[in-house]
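# Tertiary structure, described
Single-letter residue listing:
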Amino acid sequence: MFSDFKNDGFMYLLILAVIIFVCAQAIFFMKKAWARGKELGIATDKLKNAVTSSAIFSFAPAVGIAVTVITLSVALGYVLPWIRLTVIGAIQYETTAAIAALEAAGITGGISQPVTDPEIFAAIAWVMTIGSILPLILIPIVLKKIQKGVSNVASKNSKWMDVMTAAAFIGLIAAFIGRGLAGLGSSKENIIGDGAGVLSLAALVSSIGFMLIFTLVNKKLKKNWIEALAMPLSMVLAMVVVVLINQFAPDLAAIEWRY
Amino acid sequence: MNKTYMDKVHTWGRIWCIASLVFFICIPVAICLHLDVWPRAEIVGKGLASIAFFFVTGIVEVVAYAPMLGAGGTYLSFVTGNIMNLKMPCALNAMENAKVKANTEEGEVITTIAICSSIIVTTLVIAVFVIIFALNPQFSELMASDTFSPAFQQVTYTIFGSLAATYFVKHWKISIFPIAAITVLLLFVDPGIGVLIPVGVVLSMLGAHVMYKLKKV
């Protein structure tokens, strides 16, 4: 009776509602920010550049997220992972939450087997939801206070604040760079490309290299489209480098110094 | 009293945030009603206990990311998730391109627009590709194959590599210490990226503060 309960019409109605809700919210904020940008005298080109650059940049990671939906679909069907990765979700969280709920129900083997019991499926949906909603409770309470504190500090010592803001961004980026250079693989199995090794280093070095080339070219040509495309193109080209190394030098690609 | 734009952003953000909270809780409720099953509290409780760590990272993320994402960006990003691999890089890249600073109203406008654009595109791309994958299993097998999966596995490094090129070149003096410290730390212990990010941010800010006091930046 419930053989396809994970992918039935009702579930597709749910994801449709989620998509409409998420896009409506984004369109609402976009319209308000655009109007304010015009009031502040920000050039339309700059506003358009923010839209196009982010849109192009988001494409490849979004395909990566869709691949994750497929990975989770073996156990959970298409729609629940799709909903979860459209709202709040993050790849590492959803997988962990699903496995935690399965293990709580006494099912070992993780997400490799289809969930056939509707009660366990519903339990997974609850664990994934409750486990991730804390920020949505906190933000309406604390965000204004945090922003006010930051603005106060910024108005008192703007140079120090500029340095600290740049340092915060750099700390964040450094965490990922450090992982690419010396991070352990996240799985117990030895998966190629999981830990720091040739592939992670190639991804880092080539994306840095491509970005520097685009920056230099843009300094000469001063074209808006180069600026908008620099980051997404650097990213995609670096992914191509990774695919090529993996295809044509598999022995080299398999080298990992942390696994 | 006239409300400023920032006041209005907080009002809109709070309304959308609370609406999202209610809506998202309605999803498992709707699933339970539709399937006519209610999971035992014991299973849900045990599952949640195993992922209690995410509650802590949830608090840390709000405090750490809010000043970088801006008000509108924070409300939007925490509703749609995928902050580190999508929203934050979009916001940083857009601010760099527009030459505006975080924690200014111009920065607020640009990050909000960039994050909105990312949300719409991501939502639609995921939808299109999931439908393609669902209808063509051989295509999803190809994307998850040994040929393409390494590229998706390394996508985070390609994102942060290209961001690093912009930030490290501009602020190389304060970049060396956090990269070196994080790399050395990882040789001894790898606490996972959820812990590594706040550690990296704190180390980087401490290093930059010392250099600022020594008038090196």
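Definitions and cut-offs
- Residues numbered from 1 in each chain as written.
- Chains lettered and ligands numbered in written order.
- Predicted model: local features only at pLDDT ≥ 70, side-chain atom pairs only at ≥ 80, totals over all residues.
- Helix = DSSP H or I, 4+ residues; strand = E, 2+ residues; numbered from the N terminus.
- Buried ≥ 20, exposed ≤ 12 C-beta atoms within 10 Å, placed from the backbone.
- Contact = placed C-beta atoms within 7 Å.
- Axes fitted to C-alpha atoms, helices over the stretch in contact; angles between N-to-C directions.
- Parallel < 35°, antiparallel > 145°, perpendicular 65-115°, else oblique.
- Nonpolar A, V, L, I, M, F, W, Y, C, P; charged D, E, K, R; others polar.
- Expected span 1.5 Å × (residues − 1).
- pLDDT = per-residue confidence, 0-100.
- Left-handed = near helix turned anticlockwise from the far one by under 90°.
- Core = buried A, V, L, I, M, F, W, Y, C linked by C-beta atoms within 7 Å.
- Domains from an automatic or database assignment.

What chain A contains, in helices and strands, is ten helices and zero strands. Principal-axis analysis of the C-alpha atoms gives chain A an extent of 65 × 50 × 35 Å. Split into buried and exposed, the 259 residues of chain A put 53% on the buried side. Excluding contacts between residues fewer than 6 apart, the proportion of contacts in chain A whose partners are at least 24 apart in sequence is 61%.

Summing up its helical and strand segments, chain B has eleven helices and zero strands in all. Going from N to C terminus, chain B has its helices and strands arranged as α-α-α-α-α-α-α-α-α-α-α. Principal-axis analysis of the C-alpha atoms places the extent of chain B at approximately 65 × 60 × 35 Å. Look at the contacts in chain B between residues 6 or more apart in sequence, and 62% of them connect residues 24 or more apart.

A few words on the packing of helix 1 (residues 9–39) of chain A against helix 4 (residues 71–80) of chain B. Relative to each other, helix 1 of chain A and helix 4 of chain B sit at 170°, their axes nearing to 11 Å. As judged from the angle between their axes, helix 1 of chain A and helix 4 of chain B are roughly antiparallel. Between helix 1 of chain A, through A:Val22, A:Gln25, A:Ala26, A:Phe29 and A:Ala33, and helix 4 of chain B, the contact on the second element is made entirely by B:Gly72, B:Leu76, B:Val79 and B:Thr80. Residue composition of the contact of helix 1 of chain A with helix 4 of chain B, by class: six nonpolar, three polar and no charged.

Let us look at helix 6 (residues 134–156) of chain A. Counted at 1.5 Å a residue, the expected span for helix 6 of chain A with its 23 residues is 33 Å, and the 32 Å between its end C-alpha atoms agrees. Along helix 6 of chain A, the residues that are buried comprise A:Pro135, A:Leu136, A:Ile139, A:Leu143 and A:Gln147. Packing partners of the buried residues in helix 6 of chain A comprise helix 1 (5–35), helix 3 (53–69) and helix 4 of chain B.

If you look at the interface, chain A gives 132 residues, while chain B gives 126 residues. Looking at the side of chain A that touches chain B element by element, the count peaks at 23 residues for helix 7 (residues 158–182) of chain A. A breakdown of the residues in the side of chain A that touches chain B according to their chemical character gives 95 nonpolar, 28 polar and nine charged.

Further remarks concern the confidence of the model for chain A. Of the residues in chain A, 96% have a pLDDT of 70 or more, and the chain-wide mean is 89. For chain A, per-element mean pLDDT is lowest for helix 4 (residues 91–104) of chain A, which scores 83, and highest for helix 1 of chain A, which scores 97.

Glancing now at unusual backbone geometry. All names here are of chain B. Here the phi dihedral of Asn82 falls at roughly 45°; this positive angle occurs in a residue that is not glycine. Note that Asn82 resides in the loop between helix 4 and helix 5 (83–98). By C-beta crowding, Asn82 is classed as buried, having 26 other C-beta atoms within 10 Å. Here Lys99, not a glycine, exhibits a phi torsion of approximately 55°, which is positive. Summarising the element assignment, Lys99 is placed in the loop between helix 5 and helix 6 (105–135).

For the pair helix 7 of chain A and helix 10 (residues 172–188) of chain B, the least separation of the axes is 8 Å and the interaxial angle reads 40°. Here helix 10 of chain B runs oblique to helix 7 of chain A, going by the angle between their axes. For the pair helix 7 of chain A and helix 10 of chain B, the crossing hand works out as right-handed. On helix 10 of chain B, the residues touching A:Ala166, A:Ala167, A:Ile170, A:Gly171, A:Ala174, A:Ala175, A:Ile177, A:Gly178, A:Arg179, A:Leu181 and A:Ala182 of helix 7 of chain A are B:Ile174, B:Ser175, B:Pro178, B:Ile179, B:Ile182, B:Thr183, B:Leu186 and B:Leu187. Considering only residue class, the contact of helix 7 of chain A with helix 10 of chain B consists of 14 nonpolar, four polar and one charged.

Before going further, it helps to spend a moment on helix 11 (residues 193–213) of chain B. Over its 21 residues, helix 11 of chain B runs 30 Å from end to end, which matches the ideal 30 Å to within 8%, given 1.5 Å per residue. For helix 11 of chain B, the set of buried residues is B:Leu196, B:Ile197, B:Gly200, B:Val201, B:Leu203, B:Ser204, B:Met205, B:Gly207 and B:Ala208. Taken together, the buried residues of helix 11 of chain B touch helix 7 of chain A together with helix 3 and helix 10 of chain B. Looking one or two places after helix 11 of chain B, you find B:Lys215, whose phi comes out positive at around 60°.

Within the largest apolar cluster, 157 residues are counted, with the highest numbers of intra-cluster contacts made by A:Ala66, A:Ala98, A:Ala101, A:Ile124, A:Ile173 and B:Ile113. By residue number, the principal contributor to this core is helix 7 of chain A, which donates 16 residues. Counting contributing residues per domain, this core is built from domain 1 (1–132) and domain 2 (183–259) of chain A, each supplying no fewer than three. Each residue touching A:Ile173, except ones within four places of it in the same chain, is listed here: B:Phe160, B:Leu163, B:Ala164 and B:Tyr167.

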